[in-house]
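# Fold and contact review
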Amino acid sequence: MNRKSPQNLLLWMTFIMSLVFSVWQVLLNNFVIERAQFTGVEIGILQSLREVPGFLAFTAIFVLLLIREQSFALLSLAVLSIGVAITGYYPQVLGLYITTVLMSVGFHYFETVNQSLTLQWVDKKDTAGFLGKALAWRSAAALSGYASIWVVMTWLKLDYVWMYALIGCLGLVMVLTITLYFPRFDVGEVQHKKIILRKKYWLFYLLTFFSGARRQIFMVFAGFMMVEKFGYSVSEITALFLINYVFNLLFAPAIGRFIGRIGERRALTIEYIGLIIIFVSYAWVQQPEIAAALYVIDHLLFAMAIAIKTYFQKIADGKDIAATMSVSFTINHIAAVVIPVLLGLLWLHSPQAVFYIGAGFAVCSLCLARNIPNAPTQGNEVNWSWPQKT
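Residues numbered from 1 in each chain as written. Predicted model: local features only at pLDDT ≥ 70, side-chain atom pairs only at ≥ 80, totals over all residues. Heavy atoms only, no water.

If you check an unreviewed UniProt entry, the chain appears there as MFS transporter from Shewanella eurypsychrophilus.

Next up, the structure:
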């Protein structure tokens, strides 16, 4: 691969995002408790505020009226890095809310534009393998971020403010470097600069929504179960995260190539059958070791969701990609706004019921996945649909 290719730019942007964000994420709970005396109320508000830019990701299409996608992606990375760099200087409730929203705007806009550019710059036959490789780069960056925390805070014994500032400034320097190093690349087709919802993409929209719901159950409730039910310590939870990242680093590229060989329909079928088994097992598991194994397998199955993006790439009109990615990111985050609150209330009465609902989401996703044609293309988006009015 040419070192100045658009694919390499995508990989380096992904690396920078994951490096900076992983440090912000892993330090957050300790920082807000130790420096800002957060209670559950404040951290709940902060996490809700963090998701708002994701819910508003459709507004990215309006920014593209003023700036090219490549420049927008790099600018978003810079905003993410600045938000993280200044976090340590504002250890108060309002200050943390503001820096979190700033960081989140950069993060969510970057993720939206990055997905769009990937589907435009990578050939359809190579996309699954490339997305698997990108997951491996994300994992390598996160592991690098964890290592930097050990060096700065454990070995050098520097405070949070230094850690946030150093990783944020490193991110900014890397953004500037790749901005100067890589040329401006052309996109395949001029993108629509308006919000687009097309009937022919209905299956992609629904798969995206249920994928967001599944993500929330894993991120919020599976991890919470490990601590509440099995008493996992901070170091043990961190070890699980490390195992997840190492597994992604080792296996995500192979999973991407596997999806490319067997097709989206079969790949998503495997994922959702696996999820049904895992969510039901979460409801009944009694051994902490088995729960940890389920947690790692659950995370590994995330890589199979690559198939949703490659399915859309195959059925999409080239001009729709940027606008549809913006809308799909908002659809994905509808669940992030609603599910933690509703299922959090249910958790107080029946944690098992939360995971049964997760299994129900997986069943819905499985039914939708079976509607993907073996060879999806424009004009062959689904196996069956509602009859057209005559």
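Having put the structure on the table, let's press on.
Bringing the environment of valine 220 into the picture now. Along the chain, the position of valine 220 falls in helix H8 (residues 202-228). For valine 220, a relative accessible area of 31% gives the class partly exposed. Taking the C-alpha atoms as reference points, valine 220 and alanine 316, separated by 96 residues in sequence, lie 32 Å from one another. (Helix = DSSP H or I, 4+ residues; strand = E, 2+ residues; numbered from the N terminus. Buried < 20%, exposed > 50% of the residue type's maximum accessible area, 1.4 Å probe, protein only.)

Once that is clear, we can look at the packing of aromatic side chains. Taken as a whole, this structure holds 25 aromatic pairs when the rule is applied. Seen from their ring centres, tyrosine 181 and phenylalanine 182 are 5.0 Å apart, and the 85 degrees between their planes marks the pair as edge-to-face. Between phenylalanine 210 and phenylalanine 361, the aromatic rings sit 6.0 Å apart at their centres with planes inclined by 55 degrees, giving tilted as the arrangement. Placement of the pair is phenylalanine 210 in helix H8 and phenylalanine 361 in helix H14 (residues 351-369), with a sequence separation of 151 residues. For phenylalanine 210, a relative accessible area of 14% translates into the label buried. (Phe/Tyr/Trp six-rings, centres within 6.5 Å; stacked < 30°, edge-to-face > 60°.)

Turning our attention to the environment of isoleucine 33. Note on placement: isoleucine 33 falls in helix H1 (residues 6-34). A C-alpha to C-alpha distance of 21 Å links isoleucine 33 and serine 148, two positions 115 residues apart in sequence.

By size, the foremost hydrophobic cluster in this structure holds 68 residues, and its most contacted members are Leu207, Met225, Met226, Tyr282, Phe312 and Phe355. Among the elements of the structure, helix H6 (127-155), H8, helix H9 (234-262), helix H10 (264-284), helix H11 (288-301), helix H12 (306-315), helix H13 (321-349) and H14 are those that each provide at least two residues to this core. By residue number, the principal contributor to this core is H8, which donates 13 residues. Setting aside residues up to four positions removed in sequence, tyrosine 282 forms contacts with Phe218, Ala222, Met225, Ala291, Leu294, Tyr295, Asp298 and Phe355. Val84, Leu96, Ala141 and Tyr164 belong to the second-largest nonpolar core, a separate cluster that totals 60 residues. (Core = buried A, V, L, I, M, F, W, Y, C linked by side-chain atoms within 4.5 Å. Contact = heavy atoms within 4.5 Å.)

Here the focus is the pattern of salt bridges. Note on pairing: side chains with opposite charge can pair once their charged atoms come close. Taken as a whole and judged by the stated rule, the model has 10 salt bridges. A salt bridge links arginine 35 to glutamate 34; its shortest N-O distance comes to 3.9 Å. A network of salt bridges, in which partner residues are shared, links Glu34, Arg35 and Asp159. (Salt bridge = Lys/Arg side-chain N within 4 Å of Asp/Glu carboxyl O.)

Moving on to empty space enclosed by the protein. Counted by the stated rule, this structure contains one cavity of 30 Å³ or more. Looking at the largest cavity, its volume works out to about 40 Å³. Forming the walls of the largest cavity are Phe210, Ser211, Arg214, Tyr272, Leu275, Phe279, Gly358, Phe361, Ala362 and Ser365. Counting residues per element, the ones that place at least two in the lining of the largest cavity are H8, H10 and H14. Broken down by element, the lining of the largest cavity gets its largest block of residues, four residues, from H14. Per-class residue counts for the lining of the largest cavity are six nonpolar, three polar and one charged. (1 Å grid on protein atoms, 1.4 Å probe; cavity = no way out; pocket = protein on both sides within 12 Å on 5 of 7 lines; lining within 4 Å. Points joined across faces, edges and corners; volume = space filled by probe spheres on them. Nonpolar A, V, L, I, M, F, W, Y, C, P; charged D, E, K, R; others polar.)

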